[in-house]
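Below, each chain spelled out in residue letters.
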Amino acid sequence: MPTWRQLRDAKLTEYEDAADGWSSVSNRADAARIRTDQEMAGPLRATQKGEAQTSAERDLTRLSRNYQYIYGECGLVRTTLRLSRPNCPAPRRS
């Protein structure tokens, strides 16, 4: 249980700022995954054949999965930060 002093000294906006930062990274990873799938893998299938296509598709699939993983993990960190910040308003001076 936090003490009164810890609650008084808590910088609540830091939790929100950190959560916003992780949200930004998550959104960028998702955009990169979509770009990898749509702008890179799609045209590759249409223009390449054989072993080059198979190898490149395997690499792009792995890259897409990595971006998906980053997206998910950053989302979890963001959610944890938002849920773990103290559920109380900022202290007011009387």
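Note: the structure precedes this text.
All of these numbers come straight from a predicted model, not from anything done at the bench.

### A word on the pattern of salt bridges
Move 1: Tallied over the full model, the rule gives six salt bridges.
Move 2: For Arg-82, the salt bridge identified is with Asp-20, shortest N-O distance 2.7 Å. Here Asp-20 lies in helix α2 (residues 12-47) and Arg-82 lies in helix α3 (residues 50-84), a separation of 62 residues in the sequence.
Move 3: Overall, the relative accessible area of 32% leaves Arg-82 in the partly exposed class.
Move 4: Look at Asp-20 and you get partly exposed, because its relative accessible area is 39%.
Move 5: Notably, a salt bridge pairs Glu-57 with Arg-45, separated by 2.9 Å at the nearest N-O pair. Of this pair, Glu-57 sits in helix α3 while Arg-45 is found in helix α2, placing the two residues twelve residues apart along the sequence.
Move 6: For Glu-57, a relative accessible area of 22% gives the class partly exposed.
Move 7: Residues joined in a network through salt bridges with shared partners are Glu-16, Asp-20 and Arg-82.

### Let's talk about α2
Move 1: With 36 residues, α2 extends 52 Å from end C-alpha to end C-alpha; this agrees with the ideal 52 Å at 1.5 Å per step.
Move 2: Of the surrounding elements, those touching the buried residues of α2 are α3.

About the criteria used
- Residues numbered from 1 in each chain as written.
- Predicted model: local features only at pLDDT ≥ 70, side-chain atom pairs only at ≥ 80, totals over all residues.
- Heavy atoms only, no water.
- Salt bridge = Lys/Arg side-chain N within 4 Å of Asp/Glu carboxyl O.
- Helix = DSSP H or I, 4+ residues; strand = E, 2+ residues; numbered from the N terminus.
- Buried < 20%, exposed > 50% of the residue type's maximum accessible area, 1.4 Å probe, protein only.
- Expected span 1.5 Å × (residues − 1).
- Contact = heavy atoms within 4.5 Å.

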